[in-house]
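# Examination of the molecular architecture
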Amino acid sequence: MEKENIIESNCGLLKDIIILGIETSCDETSAAVVRNGRDVLSNVIYSQIDIHKEYGGVVPEIASRKHVEKINKVIEQALVEANVTYADIDAVAVTCGPGLVGALLVGLSAAKAIAYIIDKPLIGVNHIDGHISANYIEDKACVPPFICLVISGGHSNIVHVKDYGVYEVLGTTRDDAIGEAYDKVARVLGLGYPGGPLIDKAAKEGNEDAINFPRTYLESDSLDFSFSGIKSAVINYINTCKMKGLDICVPDVAASFQKAVVEVATFKAIRAAEKKGISKIALAGGVAANTKIREMLGEECLKKSYTLIYPKMILCTDNAAMIAAAGYNKYIKGEFSELTLNASPNLKF
Ligand code: KG4
Ligand code: ZN
């Protein structure tokens, strides 16, 4: 590796900055090595989905135990695949919240031990900061400001990214996260877990105008979301069909539900961009992997000559490369954490 290269985009630093990222906030054990916040040298992800599937959702205790079992191997593999050793690492970035407390603690303990032993900075990263920063990896030319629609299993936020790591939250969900709604609807439709990709797939075979589920826009100037109404509407629809002995066309329900939530998310993202006078929109989080949101928001952006960027699928769902990317932006600013850094399950954004 040409470690002493002077990279122009590297904020004037005279060497490449290599960050080891660690992510264990939910059900993915992941470690990654990222150069200068944008070049992924490795991104190892061990997904526990097959284990949690049996229970229809993530079981926190099982998640923590699996992280403990896998974390060292995943980190070792990330170093090997990146062709670096601990001596090459400039800092260790780790998700410190929000997430499952037991799961977060596993990654944090590993990160702290490594940072202490190699005597390099520890950088605590907010998981949402990580999701947004996946866009810097995807699009090497992506620079703030932009509007980011953060949609995942735990979050639904519209964020004004003013600068690297400098955020103004313009809207958030007042009840369920969009991914939660996807997962719940998939469960009642008997599709399994995680629901998002399964609804996405089923919807391709369905008629999205078959059922007119409600769209919740809230107050006319609000950029907040509410997804509990549509979740209940789908459950009511299914129960009513069952009571009346009517057949339920799963692809139609999936497609109609998806169109309703994606329409609202698209409308609010565009409204946020208009409000702030910004013509660049980014997607982030697990639900950003959704085909319909990419398509619908893509079309709206095209109409308005806005730029839309989104990370590739593997960078949308939880991974450590995005944590290393966010960590890099904190490294540049000298925003390091103490070794006493604790897990913050409800860390605010
Ligand atoms: O970002 P993520 O991996 O974890 C959290 O931080 O929450 O997001 C997981 C969420 C799940 O709710 C999953 O169903 C959803 O992302 N998801 C999708 C798709 N792929 C994953 N939702 C809709 N369409 C998809 N293709
Ligand atoms: Zn996530």
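Residues numbered from 1 in each chain as written. Chains lettered and ligands numbered in written order. Predicted model: local features only at pLDDT ≥ 70, side-chain atom pairs only at ≥ 80, totals over all residues. Heavy atoms only, no water.

## A closer look at the coordination of the zinc ion (ligand 2)
- Distances from the zinc ion (ligand 2) to its protein donors, H127 (NE2), H131 (NE2) and D318 (OD), fall within 2.0 to 2.1 Å.
- In terms of primary sequence, the donors binding the zinc ion (ligand 2) are separated according to H-x3-H-x186-D. Taken as a pair, H131 in helix 4 (residues 127-138) and D318 in the loop between helix 10 (313-316) and helix 11 (320-332) lie far apart in primary sequence, 187 residues in all. The pair H131 / D318 is uniform in exposure class, with both members buried. (Donors = N, O, S within 2.8 Å, 3.2 Å for Na, K, Ca; no water. Helix = DSSP H or I, 4+ residues; strand = E, 2+ residues; numbered from the N terminus. Buried < 20%, exposed > 50% of the residue type's maximum accessible area, 1.4 Å probe, protein only.)

## Some points on the confidence of the model for the protein
- Scored by pLDDT, the protein has a mean of 95; 96% of the residues are at 70 or more.
- Contacts from residues 1-9, a stretch scored under 50 in pLDDT, to residues over four places away or in other chains number 20 contacts. (pLDDT = per-residue confidence, 0-100. Contact = heavy atoms within 4.5 Å.)

## What about a nonpolar patch on the surface?
- A contiguous nonpolar patch, built from Y116, I117 and L339 and spanning about 380 Å² of accessible area, is present on the exposed surface.
- Locating I117 in the fold gives a position in helix 3 (residues 101-118).
- Residue I117 is classed as exposed on the basis of its relative accessible area of 69%. (Patch = residues over 30% accessible without salt bridge, like charges linked within 9 Å, V, L, I, M, F, W, Y side chains within 5 Å. Areas by Shrake-Rupley, 256 points an atom, 1.4 Å probe, with all protein chains shown as cover. Salt bridge = Lys/Arg side-chain N within 4 Å of Asp/Glu carboxyl O.)

## Brief notes about the layout of surface pockets
- Its volume calculated, the largest pocket comes out at about 1100 Å³.
- What lines the largest pocket is a set of 37 residues, and nearest its centre among them are S152, G153, G154, D183 and Y193.
- Breaking the lining of the largest pocket down by element, the ones donating at least two residues are helix 4, helix 5 (178-188) and helix 6 (195-203).
- The greatest single-element share of the lining of the largest pocket, amounting to six residues, is contributed by helix 5.
- Across the lining of the largest pocket, the residue classes break down as 12 nonpolar, 15 polar and 10 charged. (1 Å grid on protein atoms, 1.4 Å probe; cavity = no way out; pocket = protein on both sides within 12 Å on 5 of 7 lines; lining within 4 Å. Points joined across faces, edges and corners; volume = space filled by probe spheres on them. Nonpolar A, V, L, I, M, F, W, Y, C, P; charged D, E, K, R; others polar.)

## Description of the site of ligand 1
- Close to ligand 1 lie 20 residues, the nearest being G153, D183, G196, D200 and N290.
- In this structure, H131 approaches ligand 1 through a side-chain N or O atom, which is 3.0 Å from an oxygen atom.
- Measuring from an oxygen atom of ligand 1, one finds a backbone N or O atom of D318 at 3.2 Å.
- Contact with the protein chains removes 88% of the 550 Å² of surface that ligand 1 exposes when unbound.
- Of the pockets mapped on this structure, ligand 1 occupies the largest pocket.
- At the level of secondary structure, the elements contributing two or more residues to the shell around ligand 1 comprise helix 4, helix 5 and helix 6.
- Among the elements that take part in the shell around ligand 1, helix 6 stands out by supplying four residues, more than any other. (Near = heavy atom within 4 Å. Polar contact = N/O pair within 3.5 Å; in protein donor to acceptor, adjacent residues only side chain to side chain. Sits in = over half its atoms within 2 Å of the grid points.)

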